[in-house]
Amino acid sequence: MLELRDIYLELGGKSILKKLNMKFDEGKRYTILGNNGTGKSTIANMIIGVEGYTPQKGKIYLNDQDITDLGISQRAMLGITIAFQESVRFDGIKVIDYLTLGGKLKKSMDEMKESLKLVGLNQDYLKRYVDNSLSGGERKRIELASVYMLSPKYVILDEPDSGIDMMSIETINVIISNLRKRGATVITITHREEIALESDYTYLICSGLVLKEGTPADISEYYKAMCDLCDHPNDIQSNDNIQLVSEKGQL
Amino acid sequence: MRISPDYSKEFEKIADAYEKSGGDVSNLIDKRVASIIISGDKILGLNNVDGVEIEAGKQEMGVWAKIKILKGKKILMPIHLCTGYLGDEGEQHINFEFTIEDGASVDFISHCSFPTSKHLTHKMTAIIKIGKNASMTYSDAHFHSENGGVTLISDTHAVVDEGGKYMNSFELTRTRVGKLTVKMDVDLKAGAVADLESKVRGKSDDEISIKESLGLNGKGAHGIAKSKIVATEKTRARIVNEAFGNAPYSKGHIECTEITSGDNVDVATLPVLKVTNDLSELTHEASIGRINSKQLDTIMAKGMTEEEATEFIIKGILN
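Note that the coordinates shown come from a computational prediction; the quantities given were computed from them, not determined experimentally. (Residues numbered from 1 in each chain as written. Chains lettered and ligands numbered in written order. Predicted model: local features only at pLDDT ≥ 70, side-chain atom pairs only at ≥ 80, totals over all residues. Heavy atoms only, no water.)

A. Here's a closer look at the overall build of chain B. Check the secondary structure of chain B and you find 4 helices and 19 strands. For 319 residues, the compact-globule estimate of 2.2 N^0.38 gives 20 Å, and chain B sits close to it at 20 Å. Its C-alpha atoms give chain B principal-axis dimensions of about 55 × 50 × 35 Å. Looking at chain B as a whole, 52% of its 319 residues are labelled buried. Contacts in chain B between residues far apart in sequence, at least 24 positions, make up 77% of those at least 6 positions apart. Carbon and sulfur atoms make up 47% of the accessible area of chain B, which totals about 13,600 Å². Counting 39 positive and 47 negative side-chain charges, chain B places the averaged centre of each group 2 Å from the other. (Helix = DSSP H or I, 4+ residues; strand = E, 2+ residues; numbered from the N terminus. Rg over C-alpha atoms; globule rule 2.2 N^0.38 Å. Buried < 20%, exposed > 50% of the residue type's maximum accessible area, 1.4 Å probe, protein only. Contact = heavy atoms within 4.5 Å. Areas by Shrake-Rupley, 256 points an atom, 1.4 Å probe, with all protein chains shown as cover. Lys, Arg positive; Asp, Glu negative; His and termini not counted. Charge placed at Lys NZ, Arg CZ, Asp CG, Glu CD.)

B. The layout of surface pockets, seen in detail. The computed volume of the largest pocket comes to approximately 650 Å³. Taken together, 26 residues make up the lining of the largest pocket; nearest its centre are Arg 89 and Asp 91 of chain A together with Glu 255, Thr 257 and Ser 287 of chain B. Residue assignment for the lining of the largest pocket shows that the elements contributing at least two residues are strand E13 (193-202), strand E15 (222-232), strand E17 (251-261), strand E19 (281-289) and helix H4 (306-318) of chain B. In terms of residue class, the lining of the largest pocket is built from 8 nonpolar, 7 polar and 11 charged. (1 Å grid on protein atoms, 1.4 Å probe; cavity = no way out; pocket = protein on both sides within 12 Å on 5 of 7 lines; lining within 4 Å. Points joined across faces, edges and corners; volume = space filled by probe spheres on them. Nonpolar A, V, L, I, M, F, W, Y, C, P; charged D, E, K, R; others polar.)

C. Molecular detail of the state of the cysteines. One pass over the full model with this rule turns up 0 disulfides over all chains. For Cys 82 of chain B, which is in no disulfide, the shortest distance to another cysteine sulfur is to Cys 112 of chain B and amounts to 8.2 Å. (Disulfide = S-S within 2.5 Å.)

D. Region of the structure containing the sheet that holds strand E18 (residues 266-275) of chain B. All names here are of chain B. Strand order in the open sheet formed by 9 strands is E3-E4-E6-E8-E10-E12-E14-E16-E18, and the pairing between neighbours is mixed. Of all strands in the sheet, those with a lone pairing partner are strand E3 (52-59) and E18, marking the two edges. Neighbour-to-neighbour, the strand axes of this sheet turn through a mean angle of 5°, independent of strand direction. In the sheet, strand E16 (residues 236-245) pairs with E18 via 10 bridges, with the strands oriented parallel. Each residue of the ladder has a partner; that of Phe 244, found in E18, is Lys 274. (Pairing = 2+ DSSP bridges. Axes fitted to C-alpha atoms, helices over the stretch in contact; angles between N-to-C directions.)

E. Spotlight on the nonpolar core. One finds Leu 2, Leu 20, Met 22 and Phe 24 of chain A to be the most contacted residues of the largest nonpolar core, which totals 76 residues. Filtering out sequence-adjacent residues up to four positions away, Leu 2 of chain A remains in contact with Met 22, Lys 23, Phe 24, Ile 47, Ile 60, Tyr 61, Leu 62, Ile 67, Ile 80, Tyr 154 and Ile 187 of chain A. Among the nonpolar cores identified, the runner-up in size contains 43 residues, and Ile 36, Ile 38, Val 52 and Ile 79 of chain B belong to it. (Core = buried A, V, L, I, M, F, W, Y, C linked by side-chain atoms within 4.5 Å.)

F. Local environment of the environment of Leu 196 of chain B. By the element assignment, Leu 196 of chain B lies in strand E13. Among residues more than four places away in sequence, those in contact with Leu 196 of chain B are Tyr 166, Asn 168, Met 184, Val 186, Glu 212, Leu 214, Ile 224, Ala 225 and Lys 226 of chain B.

G. The pattern of salt bridges, seen in detail. For the coordinates displayed, the defined rule picks out 24 salt bridges over all chains. A salt bridge links Lys 40 of chain A to Glu 159 of chain A; its shortest N-O distance comes to 4.0 Å. Of this pair, Lys 40 of chain A sits in helix H1 (residues 40-48) while Glu 159 of chain A sits in the loop between strand E7 (154-158) and helix H6 (169-181), placing them 119 residues apart in sequence. You can call Lys 40 of chain A buried: its relative accessible area is 4%. Assessed through its relative accessible area of 3%, Glu 159 of chain A is described here as buried. Residue Asp 266 of chain B pairs with Arg 238 of chain B through a salt bridge whose shortest N-O separation is 2.9 Å. Of the two residues, Asp 266 of chain B is situated in strand E18 and Arg 238 of chain B in strand E16; the sequence distance between them amounts to 28 residues. A relative accessible area of 25% places Arg 238 of chain B in the partly exposed class. Through salt bridges that share partners, Glu 3, Arg 5 and Asp 64 of chain A make up one connected network. (Salt bridge = Lys/Arg side-chain N within 4 Å of Asp/Glu carboxyl O.)

H. The arrangement of the sheet that holds strand E2 (residues 14-24) of chain A in detail. Residue and element names in this part refer to chain A. Reading across the sheet, the 4 strands line up as E2-E1-E4-E5 and stay open at both edges, with antiparallel pairing between neighbours. Of all strands in the sheet, those with a lone pairing partner are E2 and strand E5 (65-66), marking the two edges. Inspection of the sheet shows strand E1 (residues 2-11) paired to E2 by 7 bridges, in the antiparallel sense. Looking across to E2, one finds that Glu 3 is bridged to Lys 23.

I. Representation of the environment of Ile 224 of chain B. All names here are of chain B. Structurally, Ile 224 is set in strand E15. A relative accessible area of 31% places Ile 224 in the partly exposed class. As a C-alpha pair, Ile 224 and Asp 30 span 194 residues in sequence and 34 Å in three-dimensional space. Contact partners of Ile 224, with chain neighbours within four places excluded, come to Ala 194, Asp 195, Leu 196, Leu 214 and His 253.

J. Broad picture of the interface of chain A and chain B. Listed as interface residues are 24 residues of chain A and, on the opposing side, 18 residues of chain B. Carbon and sulfur atoms supply 65% of the area buried between chain A and chain B, which totals about 1,800 Å² over both sides. If you look at where chain A meets chain B, you find 2 salt bridges. Across the pair Lys 104 of chain A and Glu 308 of chain B runs a salt bridge whose closest N-O atoms are separated by 2.9 Å. Where chain A packs against chain B, one counts 9 residue pairs in polar contact (both at pLDDT 80 or more). Elements with a minimum of two residues in the side of chain A that touches chain B: helix H2 (72-77), strand E6 (80-83), helix H3 (95-100) and helix H5 (136-150) of chain A. A per-class count over the side of chain A that touches chain B returns 14 nonpolar, 5 polar and 5 charged. (Buried area = accessible area lost by both parts, 1.4 Å probe. Polar contact = N/O pair within 3.5 Å; in protein donor to acceptor, adjacent residues only side chain to side chain.)

K. Focus on the packing of aromatic side chains. Residues and elements named next belong to chain A. Taken as a whole and judged by the stated rule, the model has 9 aromatic pairs over all chains. Each ring, one from Tyr 201 and one from Tyr 203, has its centre 5.3 Å from the other, and the planes form 70°; the classification is edge-to-face. For Tyr 203, a relative accessible area of 2% corresponds to the buried category. The structure contains a cluster of three or more aromatic residues connected by ring pairs, namely Phe 24, Tyr 30, Tyr 201 and Tyr 203. (Phe/Tyr/Trp six-rings, centres within 6.5 Å; stacked < 30°, edge-to-face > 60°.)

Listed below in structure tokens is the structure:
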């Protein structure tokens, strides 16, 4: 189990995450739902161990092992990885090398083709470069294929549908389903409640707090009713109210 | 190609260095491939094929060579140039003169290997004349000793006549650099095209100085000059890319990317654009800095250490 216990995180002197508690059981599918700017990607960066995102208070545990002070590589070696929201370009690196990390991952050609097929790309892409000759959407698909190749234990998909032309929620669900078949716990970050509906459990984030958590149906309904219209997701003055709401679990 | 029996042992050593540096020795001895093999001030071998005339001789501390591609000839197999120096110290001067006659086309693959030199100065000058509608590509890969004792001074002047094409790539990425000074200027006539690219990776206290200059002197001339430098540890690098738009409808682009790694690097780039004809168009891009942190995070999140990820990304940049 991956667990965040009583997390407080400040960035640049500003409080971003407050008393955050989350649990992710093995093999399940979770959604972290929330409007833009509510702290979802910050949670992702903190979970994977990006430099500068170590919480000032609280701990992160993987199977009861404290991993709070481990770096991004060390956590990846424990099986925690991510497909970032924005897939960066890598000049001079071919897709085939990207998928195998320059040969570090011993993978067969069939496995590479399978991973590309899963994200809707054909094997011709293996010879292409992960640079600006690919569209942002194509790079995103390559990133998802790369994550699939890693067979992770915990994977965060940060806004997997953003920037992907024509990739439907069904396709994303197929990718997630295949990741789970490989034993992965999948944590999807999104602002779309219809993606949350497919998960086992959903956390609703607002202003760096878990505003509500529970079944996807309940949370999605609440989100649709309350958050779609909300115009103060990061309003500092409303934080006290949100804190109160968070504690009570209702408005 | 016949290797003189007097030079057979030296050829073996040069061939060994050539192979270690990525060259294919079979090309050097293939009669169908034009080539020249130079070691120190000796010409170990020279082979001509139809359409190619290579003349060479000794000169003080080195070798001169004149390479001519005859009018209209399309040389299908690349010409191989192998230059080496096997001694620990010394000086080597190489003077090349390339003449690509009108309508001819040719590719050159050059390997320069100085595998053990502790104190070597290698000076190379090249005068290149590319005729009307002729084409020349020149791929130059260098392999220096790991003790940093090689000083390389390269000076190239190319004139590309109407409709001609000149593609040049210089690469020194697999070994220490030592001290490198590269100067290249290209004079482009009407409709001529040039594409220059330099890739160098410095470490320890290597010194890198590159100056590439595009003279867009003919109507509709096009040129690109790109430099990619990776500077680590105490490397010092100075890169100057210049483009001069002197003719209508000429276009030039210069680009310098310098990746730094380490607190003691000292790098600078200076783009120079000058237009004397208002119908000319020049652009430039330049960047200096560490590897993008988002790139590093992306690769490290796949299980590579920071060092492995850095190496992986740098190899791509220099690919």
